[in-house]
Every structure is written in C-alpha cells, then in structure tokens.
Amino acid sequence: QVHLVESGGGWVQAGDSLRLSCTKGALSSYTVGWFRQASGKEREFVAAIGQYGAHANYGDSVKDRFTISRDNGKDTVHLQMNNLKPEDTAVYYCAANHVGPTQHASLYDIWGQGTQVSVSS
C-alpha cells in the first residue's frame, strides 16, 4: 500500500513557525487531514481540507494559528503552523480519504509515517 509522506518537522522555539508538507501520487483526488499525537496522549485532529481546497476544518486548539492548504498540481498539502507553543509538540500525521474533511480519524484510509514537531519554551 502506498503511504503518504510527511516532511518539514523539526525542533523550534515557542513563537516560531514551521510548514509541514504531505505528498503522494494522485493526492489531488483525496481529502487530506492532519492529526497529531503527543507522547502519552490520544490522537488529536488538527486540520483537514477538501479535494479542491474550498472547504477546511480546524481543531479548536490550532484555529487562528495553523493554516492548511493544497497544491493539486504538485499533489501536495501543506500545514503552515505559526506562533507554535510547547503544547503543539507531537508527531504529526497526514491522512487521506474520499469522504470529506472530517475530524474523525477512523474515516481516513491512508496514513503517513509521521513527522516530529518539538517546541521548546
């Protein structure tokens, strides 16, 4: 099974920005979501974007700081993360489905391996 590939994670200080990317061949035909899981915690919905980019949803903890976007010509989805906080530290996963930009992880069929984001105070 072909997985999604995430990139762009790293170690930053509070207030900094990072941009994560998610790629896969033919990703333009999928809805894409981002989830994160901090050590010892449950997986949390971050953001999702519809196939054509017209609809996007965000988790309450990242609204007004994170922006999801997509470039269908490059089969890539980005997650721009601004004003990062220590509580944003987690492994970030992208996922894809043909359902729509839902917050429910169980409705996503394809997942990436994850990229670590660490934010120091």
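Parameters and conventions
Residues numbered from 1 in each chain as written. Predicted model: local features only at pLDDT ≥ 70, side-chain atom pairs only at ≥ 80, totals over all residues. Heavy atoms only, no water. Phe/Tyr/Trp six-rings, centres within 6.5 Å; stacked < 30°, edge-to-face > 60°. Helix = DSSP H or I, 4+ residues; strand = E, 2+ residues; numbered from the N terminus. Buried < 20%, exposed > 50% of the residue type's maximum accessible area, 1.4 Å probe, protein only. Lys NZ or Arg CZ within 6 Å of the ring centre and 35° of its normal.

(A) Spotlight on the packing of aromatic side chains. Evaluated as defined, the whole model comprises four aromatic pairs. Centroid distance Phe35 to Phe45: 5.6 Å. Interplanar angle 70°. Geometry classified as edge-to-face. Here Phe35 is found in strand E4 (residues 31-37), whereas its partner Phe45 is found in strand E5 (residues 44-49), with 10 residues between them in sequence. For Phe45, a relative accessible area of 8% gives the class buried. Taking 5.2 Å as the distance between ring centres and 45° as the angle between the ring planes, the aromatic pair formed by Phe35 and Trp111 counts as tilted. With Phe35 in strand E4 and Trp111 in strand E10 (residues 110-111), this residue pair connects regions lying 76 residues apart in the sequence. Like Phe35, the residue Trp111 is buried in the burial classification. Through a chain of ring-to-ring contacts, three or more aromatic side chains come together here, namely Phe35, Phe45, Tyr108 and Trp111. Note that Arg43 overlies the ring of Trp111, its terminal NZ or CZ placed 4.5 Å from the centroid.

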